[in-house]
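# Remarks on the overall topology
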Amino acid sequence: MSEHNKKDKDSYARDTLAFTVPPEERRRPQNPYPQNRYPQEQYNQNYYPNGQYPQNGYPYEQYPQEQYYQGQQYPQGQRPPQGQSRPQGQRPPQGQQRPQGQRPPQGQQRQQGQRPPQGQQRPQQGQQRPQGQRPQQGQSRPPQKKQSPQRKSNPQPKRTQPAKQKPVKQKKRRRMGCVTKIIISLLSLLVLLFIIYSVIAWSLIGKVNVVDTGERLTPSHTLYSSSSVRNILLIGSDSRGEDRGRSDSMILLSINSRTNKISLVSLMRDSYVQIPGYGSDKLNAAYSYGGPELLMDTIEENFYIDIDDYFMVNFISFANIVDAVGGVEIEVSDEEADAINVLLDSKEGNTLFGTPDESDYLSGGGTYKLNGKQALCYSRLRYVGNADFERTERQRKVLTEIIKSAGTTNPFKLGQSAKDVLPSMETNMSKFSMYLLSLRLPSLLIGYDIEQVRIPAEDTYWGSTIDGQSVLEIDFDANLEIIENELY
């Protein structure tokens, strides 16, 4: 065998060995391209349009037998010169399009959106294009670049861009959730404050001297009454020691929730009235005869005012209440200032309060913030001005200032001072009724107007002397009309 034939035989053997069918595991996986990469119905069952490629996998017009690129032809079975590789995947000249259905060279992507000729279908899922088919006899195998086993065994699928996610809008429920949390926090705080207030209120109410209501009499006529009106009688007693004495002052505290008004009604102690079971006498005598119960029965019988509860304080209690609210601001005249200083130095004043300090004396007329001792002396002045008429007016002034000062006083300080004041007070009101009244106290101090009334009113009375004592005879019809209009 000649040397030339031997080389051709060896070349043909090597080419044959290189064109082996790859093992099953090295074949291209089924459907290697994602569905969104190429349009539907682009390729037929043979993966390329009919008539484009013959059985050997290449078009007739693309690679003729014994025809190669770069203008060189080689005899059948002859290898190109050493160092020269066969061209593969060469792109067509610029401006020239690839034939329809022709597979692009390795590493080059197909044109997206290109549809196959009419009548051709896309290959079914799971069907593969023939790969590694040997050329027919008489046909030369076009040059093929060897691929590394690693690339064939591990084909890299083309990456697909992840679908864009729509931004999730923040639901209003979260916003409402924050508002709900704030509302719940505020309600929890209010509940906590209510519990603290209730504990303090009950502890202070427990210090009040609560007594049972004594025997009451049924009035002989119908009383003024309304569900929106609550009447509490405030009694200032001048008792000394175990002697009950007479009521020094009688002020009706009337609360009208319909008109949002608090009426302070001074009942003149020299009013000549009918005392049930005792006949005609001064109003303050009823207290000395039968205590608070008979005094309330006398007021109902003569003035038609429905009264169920009372609070009674003595002189010491009154002074302590004024000190508890931090004093009361009162304008006094020169004559009143001198009378206060005299009463402080009197035997009665020394008995009640001891020797006064230099700061207790007033230097003259003017506006002062009176302490408990000074306010008590001011309220008891009887011989300055128009006798008992101005005296009751002073008492109403002091009581009005006490209510106003209580609304602006530090509640902790007020509660601390109340511990010393409440034990000296007496009432027939139940503890639960006092607790309910305390719940209304903030609105009473802030939202209610205070009005002062005196009974008998001006021009509805006249002075008289009966049984050797000075009394005030009253026009009851005129005063009853005033009471109905002012209180109800």
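The structure reproduced in this document is the subject of the present report.

Thresholds, definitions, all that
Residues numbered from 1 in each chain as written. Predicted model: local features only at pLDDT ≥ 70, side-chain atom pairs only at ≥ 80, totals over all residues. Heavy atoms only, no water. Axes fitted to C-alpha atoms, helices over the stretch in contact; angles between N-to-C directions. Helix = DSSP H or I, 4+ residues; strand = E, 2+ residues; numbered from the N terminus. Parallel < 35°, antiparallel > 145°, perpendicular 65-115°, else oblique. Left-handed = near helix turned anticlockwise from the far one by under 90°. Contact = heavy atoms within 4.5 Å. Nonpolar A, V, L, I, M, F, W, Y, C, P; charged D, E, K, R; others polar. Expected span 1.5 Å × (residues − 1). Bend = angle between axes of the 7 residues up to and from the residue. Buried < 20%, exposed > 50% of the residue type's maximum accessible area, 1.4 Å probe, protein only. Polar contact = N/O pair within 3.5 Å; in protein donor to acceptor, adjacent residues only side chain to side chain. Pairing = 2+ DSSP bridges.

## Some details on the packing of helix 5 (residues 315-324) against helix 8 (residues 372-379)
Here helix 5 crosses helix 8 at 125°, and the two axes come no closer than 8 Å. By the criterion of interaxial angle, the relationship of helix 5 to helix 8 is oblique. Pair helix 5 / helix 8 crosses with right-handed handedness. Contacts between helix 5 and helix 8 involve F315, F318, A319, V322 and D323 from the former and G372, K373, A375, L376 and S379 from the latter.

## Focus on the packing of helix 8 against helix 9 (residues 387-408)
Taken N-terminus to C-terminus, the directions of helix 8 and helix 9 make an angle of 150°; their axes are 8 Å apart at the nearest point. Considering their axes alone, helix 8 and helix 9 lie roughly antiparallel with respect to each other. Contacts from A375, Y378 and S379 in helix 8 reach R391, R394, Q395, K397 and V398 in helix 9. Partitioned by chemical class, the residues of the contact of helix 8 with helix 9 number three nonpolar, two polar and three charged.

## Description of helix 4 (residues 285-303)
With 19 residues, helix 4 ought to run about 27 Å at 1.5 Å a step, yet its terminal C-alpha atoms sit only 16 Å apart, falling short of that. A bend of about 130° at G291 is the largest found in helix 4, and the proline P292 appears one to four places after it. The buried count for helix 4 comes to 15 of 19 residues, which makes it a mostly enclosed element. Directly beyond the C-terminal end of helix 4, a positive phi value near 65° is found at Y304.

## Examining unusual backbone geometry
The residue after I455, namely P456, is reached through a cis peptide bond having omega 5°. Along the chain, P456 falls in the loop between strand 11 (449-455) and strand 12 (461-466). In this structure, N260 is a non-glycine residue whose phi angle is positive, near 50°. Mapped onto the elements of the fold, N260 is located in the loop between strand 3 (247-256) and strand 4 (261-267). The partly exposed category is assigned to N260, whose relative accessible area is 35%. Here the phi dihedral of D459 falls at roughly 70°; this positive angle occurs in a residue that is not glycine.

## Considerations on helix 8
Counted residue by residue, helix 8 has eight buried out of eight residues, so it is predominantly covered. For helix 8, every residue scored as buried is listed here: G372, K373, Q374, A375, L376, C377, Y378 and S379. Where helix 8 is buried, its residues meet helix 5, strand 8 (328-332), helix 6 (334-345), helix 7 (347-353), strand 9 (366-370) and helix 9. With a side-chain oxygen lying 3.3 Å from the backbone nitrogen of K373, the N-terminal cap of helix 8 falls on N371.

## A closer look at the environment of C377
Relative to the helices and strands, C377 resides in helix 8. If sequence neighbours within four positions are ignored, C377 has contacts with I340, L343 and L344.

## Some points on the pairing of strand 2 (residues 229-237)
Of all the nine residues making up strand 2, seven are buried; the element is thus mostly covered by neighbouring parts of the structure. Relative to strand 3, strand 2 runs antiparallel, the two sharing nine bridges. If you follow N231 over to strand 3, its bridge partner there is S254. In terms of strand pairing, strand 2 meets strand 7 (residues 309-313) through five bridges, oriented parallel. Looking at strand 7, one finds that I235 is bridged to M312.

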